[in-house]
Amino acid sequence: MAVAGVYRRVLPSPPAIEFACPQGKKLFTEALEGGTMEGFFKLISYYQTQSEPAYCGLASLAVVLNALAIDPGRTWKGPWRWFDDTMLDCCEPLSKIKDEGITFGKVSCLAFCNGANVEAFRTNESSIDEFRRQVISSTSSEDSHVITSYHRGVFKQTGTGHFSPIGGYHAGKDMVLILDVARFKYPPHWVPLTLLWEAMDTIDNATGHRRGFMTVSRIPKAPSILYTVSCRHEGWNKVAKYLTEDVPLRLKSDDVKSVENLLSVIFKSAPADLKEFIKWVAEVRRQEDGSMILSEEEKGRLVMKEEVLKQTRETELFKYVAKWSASKISLCKGVTSWGLKETLPELAADICCQGAELFMGKLSSSEGTCCRQTNVTLLKVDDEKAMTVVSGTVTTDGIEKEIETLVPSSITELSNLCDFDQSNCKGMHPSTADVLTVLLLALPQHTWSGIKEEELRMQFNHLASVDKLPSLLQQEVQHLRWQLHFLMTDLSAL
C-alpha cells in the first residue's frame, strides 16, 4: 500500500540563494568581514525547526528568546528552563495555532509577555530605509534580532504567510539571510532585502492588515509580570473593542456623575469574557523532591510580585474599586456568574490543574484533569519573609502529578494565614479589585476624555494617571498597555 509524503522542496533560485551553496558561503564570508553577521552566531546556536507546520511564529520567537538568554521562569522538561515553541501559548491556545497559525500582533504580544522588549512595525507604519537600518543594527550586534512576517509567494516559494528570523546582512549585495524555521521545507537562504520588503508588504487575510517586522531585544530588568492580558478565549476581540471603543462612548453619558457611577458604567455592561481577558499570574512548578525549597530566583520573583500587589493596593483608585466591588450596586453580587474565584483553595485547585496540563504537554484543557488535594503552606526560612506555597496532587488522564504554586501574598504574618479547610483564604492573594484596578490603569489616558462632568473628568484623570505611580507598578501597567496595543493591531476594524 502506498503512503503519501513530501520530502522538502527545491528552493527557487533565483531569487533566493541557498546558505550552504558556494555562492551562499561566499556571501556569508563577505558579510562576516563586513561586521553584519554578529547576531548570526547566537541565533544559529539556538536555531530550531518548528514542531508543527503552523508554528513558524512560535518557533521564530523561541529561537530569538533563547538567543537573547531570557529566562522563561518555568521549566521545559525536568529541571531545565528553556523556550520551546509548545510553551508559547499565553496569547492563543496551541490547538488553534496548530489549525490556523498565528498573527503578527499576537507574536509581538507573546514576545513582550515572555520578557522581551519589542518594536513592531507593519510596512505601512515604516519604510524600507527604516527596515534596512533595523536589520543592519541587529545583525551588527548580539543584543537584538529581527523577526519578519512575509508572504512566501513573492520568493516563488510554495505556501503563504510565514515567520522567520533574519540571521545576517550583506551590505554590498543588499541581501539578508533568512533562517527559515521550516527547515523540513526550505534551508536557510539569502534574498534581496528589497524583495523581502515586498514580501512583507502584503495583506494578511486573517487580520486585513499588512505584514511587517519586529525587533526583539532583552529588557535590562525583567518585569514582575503579576498581571497579564490573555486572548486564549474566543471573545477576546469583543472585550478589547469594548474597552478601547465602547467605554469612551459610554462615559459621555449624562448619567456618569461620580466615580461609583463610572465604575458601574464600565463593568456592569462589560462582556462576560472580561473575566478571561486580564488575569494575575501564579508561578507553577513541579514538586521535585518534596522539600518545598524556594530558589533565590523564585524568591526574587515572588518579592517583586508582592511589591506590585502592595503598590496596587496603595493607589487611591484601588480604594474606590474595592469599595464599589463590595457594594450592593456592584459586580459583587454577580461574581458567581462571572466565574471569579476569590478563595485561595478554589484558585489553587484551578491553577494546579492548569500547571499539570502544561507539564503534560497538553494543547488545551482536558476533562480528564482533576485536582484531588491542595494544601496551603507558609514557608519561612530563618528570618526571611514568609512565602505562600500551594501544593496539590493532580490527576491528568489517570497520571498523578505533584504540583506547587507560588502565590504572591498581601498578608505575610503567620497569625494571619487562614484556615484552609474552612475556605477562608481571602485577601492573601490578588483579588478581583486588584485586577480591575490595574485594568483601569492600563487603559489609554484618552479613555476618560469624554466624561462630561469636568470635575469628575479631572478627578478620574488623576486617579488613573500612570505618571506618579511607583516605578514597579508603572512598569506593570505599561506592560499591559503594550499587550493591549499589540492585540488591537490585529483587529481589522481599526
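Our structure's up above, just so we're on the same page.
Predicted model, so just to flag it, every value in this text is computed and none were measured.

Here we look at the sheet that holds strand β5 (residues 175-178)
Argument step 1. Strand order in the open sheet made by the 7 strands is β1-β6-β5-β4-β3-β9-β2, with antiparallel pairing throughout. Of all the strands in the sheet, the pair left with one neighbour each is β1 (17-18) and β2 (116-122).
Argument step 2. Two strands pair when backbone bridges link them, and strand β3 (residues 144-151) and strand β4 (residues 161-170) are joined in this way by 5 bridges, in the antiparallel orientation. Across the sheet, residue Y150 finds its bridge partner in β4, namely H162.
Argument step 3. Contacts between helix α6 (residues 128-139) and the sheet are confined to β2, β3, β4, β5 and β9 (212-218), with β4 contributing the most and set at about 65° to the helix.

Digging into the pairing of β5
Argument step 1. Here β5 shows no split at all, with M175 and L177 on one side and V176 and I178 on the other all buried.
Argument step 2. As consecutive antiparallel partners, β4 and β5 are separated by 4 residues, and within that stretch D174 has a phi angle of approximately 55°, a positive value.

Quick word on the side chain of D204
Argument step 1. Tracing the sequence through the fold places D204 in strand β7 (residues 203-204).
Argument step 2. Among buried charged residues, D204 stands out as having no salt bridge; its nearest opposite-charge side chain is R211, 4.1 Å away.
Argument step 3. In terms of polar contacts, D204 uses its side chain to reach the backbone amide nitrogen of A206, at 3.0 Å.

Remarks on a nonpolar patch on the surface
Argument step 1. Where nonpolar side chains cluster on the molecular surface, the patch consists of L32, F41 and I44 and spans about 220 Å² of accessible area.
Argument step 2. Residue position: L32 is located in helix α1 (residues 22-33).

Things to note about the pairing of β9
Argument step 1. For β9, the tally of buried residues reaches 6 of 7 residues, placing the bulk of the element in the interior.
Argument step 2. Where β2 and β9 come together, 7 bridges link them in antiparallel fashion. Counted as the bridge partner of F121 is F213 from β9.
Argument step 3. Where β3 and β9 come together, 5 bridges link them in antiparallel fashion. By the bridge assignment for β9, H145 is matched with V216.

Concerning the pattern of salt bridges
Argument step 1. One pass over the structure, following the stated rule, counts 11 salt bridges.
Argument step 2. E453 is the salt-bridge partner of K257, the closest N and O atoms lying 3.2 Å from each other. Here the residue K257 occupies a position in the loop between α8 (236-250) and α9 (259-267), and E453 occupies one in the loop between α15 (432-442) and α16 (454-463), the gap between them amounting to 196 residues.
Argument step 3. In the salt-bridge network here, residues are joined through shared partners; they are D129, R132 and D174.

Overview of empty space enclosed by the protein
Argument step 1. Tallying each qualifying case throughout the model produces 1 cavity of 30 Å³ or more.
Argument step 2. Taken as a whole, the largest cavity encloses approximately 40 Å³ of empty space.
Argument step 3. For the largest cavity, the full set of lining residues is V229, F277, I278, L439, A442, L480 and L484.
Argument step 4. Looking at the lining of the largest cavity, the elements that each hand over two or more residues are α15 and α17 (471-488).
Argument step 5. Across the lining of the largest cavity, the residue classes tally to 7 nonpolar, no polar and no charged.

Regarding the environment of A182
Argument step 1. One can find A182 in the loop between β5 and β6 (189-192).
Argument step 2. Note on A182: relative accessible area 2%, which makes it buried.
Argument step 3. Along the primary structure A182 and Q48 are separated by 134 residues, whereas in three dimensions their C-alpha atoms are 8.7 Å apart.
Argument step 4. For A182, the contacting residues outside a window of four places in its chain are Q50, R152 and H162.

Brief notes about the side chain of T437
Argument step 1. Mapped onto the fold, T437 is located in helix α15.
Argument step 2. Accessibility expressed as a relative area gives 0% for T437, which makes it buried.
Argument step 3. When residues no more than four places from it in sequence are discounted, the contact partners of T437 are T312, T315, L317, F318 and V321.

Things to note about the packing of aromatic side chains
Argument step 1. Under the counting rule described, the total for this entry stands at 12 aromatic pairs.
Argument step 2. On the numbers, 6.5 Å between centres and 70° between planes, the contact of F28 with F41 is edge-to-face. Of the two residues, F28 sits in helix α1 while F41 sits in helix α2 (residues 40-45), which places them 13 residues apart along the sequence.
Argument step 3. With relative accessibility at 17%, the residue F28 sits in the buried group.
Argument step 4. Given a relative accessible area of 38%, F41 falls into the partly exposed group.
Argument step 5. Over the aromatic face of Y47 sits the side chain of R183, whose NZ or CZ is 4.3 Å from the ring centroid.

Some details on the packing of helix α3 (residues 56-67) against helix α5 (residues 104-113)
Argument step 1. In contact at an axis separation of 10 Å, α3 and α5 are set at 30° when each is read in the N-to-C sense. Considering their axes alone, α3 and α5 lie roughly parallel with respect to each other. Judged by the twist between their axes, the crossing of α3 over α5 is right-handed. For the pair α3 and α5, contact is made by G57, L58 and L61 and by V107, L110 and A111, respectively.

What counts, and at which threshold
- Residues numbered from 1 in each chain as written.
- Predicted model: local features only at pLDDT ≥ 70, side-chain atom pairs only at ≥ 80, totals over all residues.
- Heavy atoms only, no water.
- Pairing = 2+ DSSP bridges.
- Helix = DSSP H or I, 4+ residues; strand = E, 2+ residues; numbered from the N terminus.
- Contact = heavy atoms within 4.5 Å.
- Axes fitted to C-alpha atoms, helices over the stretch in contact; angles between N-to-C directions.
- Buried < 20%, exposed > 50% of the residue type's maximum accessible area, 1.4 Å probe, protein only.
- Lys, Arg positive; Asp, Glu negative; His and termini not counted.
- Salt bridge = Lys/Arg side-chain N within 4 Å of Asp/Glu carboxyl O.
- Polar contact = N/O pair within 3.5 Å; in protein donor to acceptor, adjacent residues only side chain to side chain.
- Patch = residues over 30% accessible without salt bridge, like charges linked within 9 Å, V, L, I, M, F, W, Y side chains within 5 Å.
- Areas by Shrake-Rupley, 256 points an atom, 1.4 Å probe, with all protein chains shown as cover.
- 1 Å grid on protein atoms, 1.4 Å probe; cavity = no way out; pocket = protein on both sides within 12 Å on 5 of 7 lines; lining within 4 Å.
- Points joined across faces, edges and corners; volume = space filled by probe spheres on them.
- Nonpolar A, V, L, I, M, F, W, Y, C, P; charged D, E, K, R; others polar.
- Phe/Tyr/Trp six-rings, centres within 6.5 Å; stacked < 30°, edge-to-face > 60°.
- Lys NZ or Arg CZ within 6 Å of the ring centre and 35° of its normal.
- Parallel < 35°, antiparallel > 145°, perpendicular 65-115°, else oblique.
- Left-handed = near helix turned anticlockwise from the far one by under 90°.

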